[in-house]
Amino acid sequence: AVKGAVELVLDLRAQGMDFCVASNGLRDKMKVTLARAGLLPFFGEHMFSAYEVGASKPAPDVFLHAARQFGVPPGDCLVVEDSSSGFEAAKRAGMPCLALLPSVPLQVSPPAALHGAYRITALQEVVQMLGPKAQD
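This report concerns the structure included in the present document. (Residues numbered from 1 in each chain as written. Predicted model: local features only at pLDDT ≥ 70, side-chain atom pairs only at ≥ 80, totals over all residues. Heavy atoms only, no water.)

### Quick look at the environment of V6
Rules: Where helices and strands are cited, they refer to DSSP runs of H or I of at least four residues and of E of at least two residues respectively, numbered from the N terminus. Two residues form a contact once any of their heavy atoms are found within 4.5 Å.
As for its placement among the helices and strands, V6 is situated in helix α1 (residues 5–14). Taking the C-alpha atoms as reference points, V6 and F42, 36 residues apart in sequence, are found 9.0 Å from one another. Apart from the residues within four sequence positions on either side, V6 is in contact with A37 and L39.

Right, dumping it as structure tokens:
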């Protein structure tokens, strides 16, 4: 698991926030990787695959599908992504995005490659960003 992933989902759950996985991967692959990371019990059926919606990132379809499943407007969602195609998909979906790039030098991820995403280096930053807003 990415360092801080378990803490992040526990924090989101404690705050009553909905969360999901929206991936270019197959659902079966998501289940295997989430299980290995100890995260599968947190997601249940809240896993969405680009294969199921018919378009892979950078198309925004999987993100928009996930938002519809929760009944949330795209602009009220927050995407945490680790790939340029994911950053672009979030932008095209109209969703704010955090670019998780813990070990990529800034020169390798120039602003244009982030497609407007805000770069973070650790999931703990997400908890810090959401904490005060969730308590408002």
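### Considering the environment of A89
As a reminder of what qualifies: Whether a residue is buried, partly exposed or exposed follows from its accessible area with a 1.4 Å probe, protein chains only, as a fraction of its type maximum: under 20%, in between, or over 50%, in that order.
Counting through the fold element by element, A89 comes out in helix α6 (residues 84–93). Judged by its relative accessible area of 0%, A89 falls in the buried class. Sequence-distant contacts of A89, defined by excluding residues within four places in its chain, comprise K57, P58, A59, P60 and F63.

### Considering helix α2 (residues 27–36)
The following threshold applies: The directions considered for the arc are those from the helix axis to the C-beta atoms.
Taken together, the buried positions of α2 are R27, M30 and L34. What you see down the axis of α2 is that its buried residues fit within an arc of 50°, all on one side. In α2, the exposed positions that point more than 90 degrees away from the buried face belong to D28, K29 and R36. Where α2 is buried, its residues meet β1 (21–23), α3 (40–43), β2 (47–49) and α4 (50–53). Backbone geometry just downstream of α2 places G38 in the positive-phi region, at approximately 75°.

Interpretation in functional terms is not warranted from these geometric data alone.
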